[in-house]
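Geometric and topological summary
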Amino acid sequence: MTEPAGSRWPLFFAIAGLLALALWLISPRFAIDAPSLVDDWSAVTRSPDQVAELVRLTNPEERRFRPSWIVWSYVQWHTFDAPGGLTGPNVWNALRVFVLICGLTLMTWLLLPRSRSRRLALLTAGLAVVPAFIVVAVPKFARDLAWFAPQEPLLVGSLALGGSGIALAAASLLDDAPVPRARTAALALGGALLWVFGVYHKEVALAAVPLVAAVLVAARGELARWSSLTERRRLALGALGAVVVLPLVHLAVGTARIAARGERLYERDVQEGVGIVDGLRLLYEWAPEALPLPARQLVVATVALVLIAAVVRRRVDILAIGALASGALAMVYAAQSGVVASRYYIPFLACVAVALSLSLARLPSVFQAAGLLLVFFAFVPMTETRAEVERWSDETQKHAEIVRLVTDLESSGCTVAVGGLDAETAVALPALVSLGNESGTRPCDPGSRYLVLPPSPDSREPLWNACARGALHPLAVGELLGVYECTRLVGGPVRDPEAGLLSPGELIERHRLRV
């Protein structure tokens, strides 16, 4: 694989334009002013201890192997004004979006055939930006880009951008021309750091293996020059190869050890592939929720186009096949979780979109232009994409306000009890309250207790039963939890599932918020 010839300015403008579009789509999240109850709280409170364990060369998580993500979480939430403010985390998130867009676009550009004219350079830039454009345009993916927690955007971007840097450095070493040392060293070092960072982000990074293998097969002509290279160049190429392969091997070994210990990767058994078939079925059934109709049609059209191109050209496009295989393998890894989330589809759709661009590039230029227009208008206008981010941002900010209210009540000395919340919210709430700096500005009514309950509490919740009928008043309610003021308790005992019959006061004290 060699660097495409032709003007690079269209590529730069395409990346800049798509980055501006992506930042506009996720801009509603800038109104959020506190860590969320979903995942953010964990990154804030746990990453310092986890980084300390990494420094001691131990894996902080028994069931996962993702050291890069732990480091990223620490940097995002413990630099600049974080965790008290979100300017720093938002800047880091903008960098994450840039790495995703730049990485996918540059990688696709390098995989495309060389352009031989300025007009073809415009088409090449358009085809190169297609994968990143599709990822940004999908409504649920845009929400995942606005949300700090999903690992897949930075994983895909780091692998793609790092691999591109390594490929450009390798191409320079394989070229007969003198090696531009500063440029090649910068590409090799930057690419190596990003590649290693991406590999250690999450176990699904192993899905990159088929595409890497396809690139090596496609580049076998250039690699045949190995014997004619100087010893210094061969050593440099060998070092680059080791940077690519060794982290993948280490990740595979670490993941295998988790399974061999009988632990559960992604919270499910992985020995002998238990749960993978059911997981794939679940991902297939949930695809209409995660992917809009144009994205699902694009998957089908890409597979058909790759097959048709192979038949017409009587030659398999090994790069397109490698991209599809990596996408499929990413879904196999995601299937091990036994749950569904829109972010699990990001590596898959990104790889499919790369295959689409590569297949379109094999067609006459008029068909390439038509394909670009079809992809563009399939996702434009992006009103639903931005609306998805707005809905998520509004709800996340609502939860931030609820946490601030609970923090204020707690710091004022009010009686605050918690019950009936889901497992993560029950742990996240006291963790975030402990970080708060409210000064107790909300006075407590002497006869009131404040209950943090699910958004729709009922008689199955002991704390709900502890409050007299008509005396429970909502103060703030979100999708995950609500704060209610109980102005009067019932007169008799209330049954607690674990402690049995208790007086209302004893029940509330048993469930009191502790930070």
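Because the structure is a prediction, the values reported are computed rather than measured. (Residues numbered from 1 in each chain as written. Predicted model: local features only at pLDDT ≥ 70, side-chain atom pairs only at ≥ 80, totals over all residues. Heavy atoms only, no water.)

Attention shifts here to the overall build of the protein. When its secondary structure is counted, the protein shows 20 helices and six strands. Relative to the globule expectation of 24 Å for 515 residues, the C-alpha radius of gyration of the protein, 26 Å, shows essentially globular dimensions. Reported as C-alpha extents along the three principal axes, the dimensions of the protein are approximately 90 × 50 × 45 Å. Taking all 515 residues of the protein together, the buried fraction comes to 52%. (Helix = DSSP H or I, 4+ residues; strand = E, 2+ residues; numbered from the N terminus. Rg over C-alpha atoms; globule rule 2.2 N^0.38 Å. Buried < 20%, exposed > 50% of the residue type's maximum accessible area, 1.4 Å probe, protein only.)

Between its first and last C-alpha atoms helix 13 (residues 293-313) spans 30 Å; for 21 residues at 1.5 Å apiece the expected length is 30 Å, and the two agree. Those residues of helix 13 that fall on the buried side of the exposure criterion are A295, L298, V299, T302, L305, V306 and A309. Angularly, the buried residues of helix 13 cover 135° about the axis, an arc narrow enough to put them on a single face. Every exposed residue of helix 13 that faces more than 90 degrees away from the buried side is listed here: V300, L307, I308, V311 and V312. Residues of helix 13 that are buried sit in contact with helix 5 (118-137), helix 14 (318-335), helix 15 (346-360) and helix 16 (365-379). After helix 13 finishes, the residue R314 shows a positive phi value of roughly 55°. (Expected span 1.5 Å × (residues − 1). Arc of directions from axis to C-beta. Contact = heavy atoms within 4.5 Å.)

Overall, the coordinates contain two disulfides when judged by the stated rule. Bridging C414 to C444, the disulfide has an S-S length of 1.5 Å. The sign of the -85° torsion about the S-S bond sets the C414-C444 disulfide as left-handed. Highlighted residues: C414 in the loop between helix 17 (383-411) and strand 1 (416-418) and C444 in the loop between helix 18 (423-435) and strand 2 (449-453), separated in sequence by 30 residues. Given the relative accessible area of 2%, C414 is considered buried. Here C467 pairs with C486 through a disulfide, and the sulfurs are 2.2 Å apart. The sign of the S-S torsion, about 110°, decides the handedness of the disulfide formed by C467 and C486: right-handed. Of this pair, C467 sits in the loop between helix 19 (462-466) and strand 3 (472-477) while C486 sits in strand 4 (residues 482-486), placing them 19 residues apart in sequence. In this structure, C467 and C486 share a single accessibility class: buried. (Disulfide = S-S within 2.5 Å.)

Ranked by internal contacts, the top residues of the largest apolar core, which has 120 residues, are I101, L104, I134, F141, W195, Y345 and L349. Here the element with the most residues in this core is helix 7 (residues 152-174); it accounts for 12 residues. Excluding residues within four positions of it along the chain, W195 makes contact with S158, L159, G162, G163, I166, A208, V212, V243, V244 and L248. Membership of the second largest hydrophobic core comes to 22 residues, among which are L37, L421, L429 and A476. (Core = buried A, V, L, I, M, F, W, Y, C linked by side-chain atoms within 4.5 Å.)

Look at helix 4 (residues 87-111): 36 Å from first C-alpha to last across 25 residues, which is about the 36 Å you get at 1.5 Å a residue. A large share of helix 4 lies buried, amounting to 19 of its 25 residues.

A few words on the confidence of the model for the protein. Of the residues in the protein, 94% reach a pLDDT of 70 or more, and the chain-wide mean stands at 91. Between the elements of the protein, mean pLDDT differs from a low of 90, seen in helix 11 (residues 231-260), to a high of 98, seen in helix 6 (residues 139-146). The low-confidence segment residues 1-5 (pLDDT under 50) makes 22 contacts with residues lying over four places distant or belonging to another chain. (pLDDT = per-residue confidence, 0-100.)

What follows is about the pattern of salt bridges. Across all of its chains, the model carries 18 salt bridges by this definition. For E390, the salt bridge is made with R386, and the minimal N-O distance between the two is 3.5 Å. With a gap of four residues between them, E390 and R386 both fall in helix 17, about one helical turn apart. One network of salt bridges, with partners in common, ties together K140, R143, D144, E289, E384, E388 and R391. (Salt bridge = Lys/Arg side-chain N within 4 Å of Asp/Glu carboxyl O.)

So, about unusual backbone geometry. A82 connects to P83 through a cis peptide bond whose omega is 0°. As for its placement among the helices and strands, P83 is situated in the loop between helix 3 (67-77) and helix 4. V380 connects to P381 through a cis peptide bond whose omega is 0°. Its location among the elements puts P381 in the loop between helix 16 and helix 17. Look at D39: it is not a glycine, yet its phi comes out positive at around 75°. With respect to the helices and strands, the residue D39 is situated in the loop between helix 1 (9-26) and helix 2 (40-55).

With that out of the way, let us pick up the side chain of R143. On the secondary structure map, R143 appears in helix 6. With a relative accessible area of 17%, R143 lands in the buried category.

This paragraph deals with the environment of L349. Mapped onto the fold, L349 is located in helix 15. Sequence separation between L349 and A330 is 19 residues, and the spatial gap between their C-alpha atoms is 9.8 Å. Those residues in contact with L349, other than ones at most four positions away along the chain, are I134, V138, F141, L291, A295, L298 and V299.

Within a sheet, each strand pairs with its neighbour through backbone hydrogen bonds, oriented either parallel or antiparallel. Strand order in this open sheet of four strands is 1-2-4-3, and the pairing throughout is mixed. Looking at strand neighbours, the two that pair on one side only are strand 1 and strand 3, the edges of this open sheet. Adjacent strand axes in the sheet meet at a mean angle of 25°, parallel and antiparallel pairs treated alike. Across three bridges, the pairing between strand 1 and strand 2 is parallel. By the bridge assignment, V418 is partnered in strand 2 with V452. (Pairing = 2+ DSSP bridges. Axes fitted to C-alpha atoms, helices over the stretch in contact; angles between N-to-C directions.)

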